[in-house]
Structures are given as C-alpha cells and as structure tokens.
Amino acid sequence: MRFAFNPGGQVTFGASIRNPGPWPVTVTGVAGEGGPGDRLVFKIARLAVNPVDEATAVVFDPAAAAPFRSIRIAAGTELPVFVTITIPDVEMAPGSGLFFDDLSVDYEVLGLRRRQRVPMGFRLLVQSANGYVPR
C-alpha cells in the first residue's frame, strides 16, 4: 500500500492478526513497529477491531469496528484490526519514503505474556513526491 507523504497527516489501513496455534490467545496491545511506543516512526492514533465471535464468520468491516481493548482470539481464528497512524513531521528527500510491513503484537497465552512481530502481508509505504522541509 502506498500513501502520499503528508507531514502530521493520518492514514488508516486494515490488517489481520491470526492465531495459528492450538490454544486461545488474548491480544493486549498492538504497535506499528517492534520498538517501545516513544521510539516508533509511525505513532498509532487509533486502533479498532471487529468483534470476534466463534459462532460467526470473521467480519472485516471498518464501519463495525470498535476501539481496541484486550480481546481473545480462539485457536485457528483471526482478528481484523484497523490502524490509524500519524505520519511523522520530518524532512524527506524527493522520492524517498518510510515503510513498515509488520505489527508488534503483545498477547497472553497459557498465562504467559509474549510479544511477537506479525507480518501484515503487505508493505505500507509513505512516499514523498517532492520532498518536504518542516517549518
């Protein structure tokens, strides 16, 4: 996915977090990259999820998404998430870009806390057409 560089602007995209394991997991947090929140290039402004119900099919609908909270994902199912990021206000050379292609997911399984980088299945690229110099 490619978006135009717009300093301080926001971009929303959808991704899916799948639980391929044999036990349910509880997702407790999601970040746009693997580092601590104060060192991320892209700050998450909003995180929303579609309700997960083992009795129905997974719905990937941004209109039905609710603000993120800790949520359980059954074994073999997935959690649709919608992430709104804020584009950093930095200097960009013409034609350059910033990107990421995975999410850092905090979760609990069998009472143990874990963090794992989960591939999104695509690369999110924010690209500068003409460059930008912050004021």
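For clarity, every value in this text was computed on a predicted model and none was experimentally measured.

1. Description of the confidence of the model for the chain
Any segment with low pLDDT has predicted coordinates that should not be analysed in fine detail.
Here comes step 1: In the predicted model, the chain carries a mean pLDDT of 81, and the fraction of residues at 70 or more is 83%.
Here comes step 2: Per-residue pLDDT, averaged within each element of the chain, yields its smallest value for strand β1 (residues 2-4) (79) and its largest for strand β6 (residues 71-73) (91).
Here comes step 3: Across residues 34-39 the pLDDT falls below 50, and counting only partners more than four positions away or on other chains, this stretch makes 5 contacts in the model.

2. Considerations on the pairing of strand β3 (residues 25-31)
Two faces, one strand: in a regular strand the side chains alternate between the faces of the sheet.
Here comes step 1: In terms of burial, β3 is a largely internal element, 5 of the 7 residues being buried.
Here comes step 2: Sheet analysis places β3 next to β6, joined by 3 bridges and oriented antiparallel. Within β6, the position partnered with Val25 by the bridge is Ile73.
Here comes step 3: Looking at chain direction, β3 and strand β8 (residues 97-109) are connected through 5 bridges and run antiparallel.

3. Focus on the pattern of salt bridges
Here comes step 1: Within this structure, the stated rule accounts for 4 salt bridges.
Here comes step 2: A salt bridge links Asp101 to Arg123; the shortest N-O distance between them is 3.7 Å. With Asp101 in strand β8 and Arg123 in strand β9 (residues 112-127), this pair connects stretches of sequence that are 22 residues apart.
Here comes step 3: A relative accessible area of 44% means that Arg123 is categorised as partly exposed.
Here comes step 4: Of the charged contacts in the structure, one is a salt bridge between Arg115 and Asp106, with a shortest N-O distance of 2.6 Å.
Here comes step 5: For Arg115, a relative accessible area of 53% translates into the label exposed.

4. Section: the pairing of strand β7 (residues 78-86)
Here comes step 1: In terms of burial, β7 is largely enclosed, as 7 of its 9 residues are buried.
Here comes step 2: Summarising the sheet, strand β2 (residues 10-18) and β7 pair through 9 bridges and their orientation is antiparallel. Looking at the pairing, Val11 lines up with Ile85 of β7.
Here comes step 3: The pairing of strand β4 (residues 43-49) with β7 spans 6 bridges and is classified as antiparallel. By the bridge assignment, Arg46 is partnered in β7 with Thr84.

Each value, and the rule that gives it
Residues numbered from 1 in each chain as written. Predicted model: local features only at pLDDT ≥ 70, side-chain atom pairs only at ≥ 80, totals over all residues. Heavy atoms only, no water. pLDDT = per-residue confidence, 0-100. Helix = DSSP H or I, 4+ residues; strand = E, 2+ residues; numbered from the N terminus. Contact = heavy atoms within 4.5 Å. Buried < 20%, exposed > 50% of the residue type's maximum accessible area, 1.4 Å probe, protein only. Pairing = 2+ DSSP bridges. Salt bridge = Lys/Arg side-chain N within 4 Å of Asp/Glu carboxyl O.

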